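# Chains, contacts and geometry: an overview
Here is what each chain is made of, one letter per residue.
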Amino acid sequence: MFKKIIVGISFVAATLLSTAVFAEDAVIADPEHYTVEFENDRVRVIRIKYGPGEKSVMHTHGANVSVFLSEGIVNMNFPDGTSVDVPSEVGVAQWSDAEEHLPKNLSDKPLEVLLVELKD
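What counts as what
Residues numbered from 1 in each chain as written. Predicted model: local features only at pLDDT ≥ 70, side-chain atom pairs only at ≥ 80, totals over all residues. Heavy atoms only, no water. Helix = DSSP H or I, 4+ residues; strand = E, 2+ residues; numbered from the N terminus. Polar contact = N/O pair within 3.5 Å; in protein donor to acceptor, adjacent residues only side chain to side chain. Contact = heavy atoms within 4.5 Å. Pairing = 2+ DSSP bridges.

Once that is clear, we can look at the side chain of His-61. Within the secondary structure, His-61 is located in strand 4 (residues 59–61). Engagement of the side chain of His-61 in a polar contact is seen with the side chain of His-59, the distance being 3.2 Å. For His-61, the contacting residues outside a window of four places in its chain are Ala-26, Tyr-34, Ala-98, Glu-99, His-101, Leu-115 and Glu-117.

What follows covers the sheet that holds strand 1 (residues 24–25). Strand order across the open sheet formed by five strands is 1-4-9-6-7, with mixed pairing between neighbours. In the strand order of this sheet, the two ends are held by strand 1 and strand 7 (83–88), each with one partner. Alignment of strand 1 against strand 4, held across two bridges, turns out to be parallel. Across the sheet, residue Glu-24 finds its bridge partner in strand 4, namely His-59.

Set out below in structure tokens:
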């Protein structure tokens, strides 16, 4: 009886762990929108391109500085269910700590960003 309970608990735990969603690095999770432009042992520069209304998948970024190359509005959804709309202006730079998010271009125009991730 005890052995059946242990086997049952192990099966449930394995099932839950195998279906859990773990966000990946943006370049791996969404290569259609994220490409590495430059990388060394200190930084990684990523070019981000979204068409009008396009969205990504949940993914991660290390601490970074982003520079907007186009204007628009990006909706950022976070794992806890909250979201925020972030307006972008050409040439504006902003800091972000490491985070996990799912962005969507709310604009009817393409959105382009250069993101410089800092490495530890």
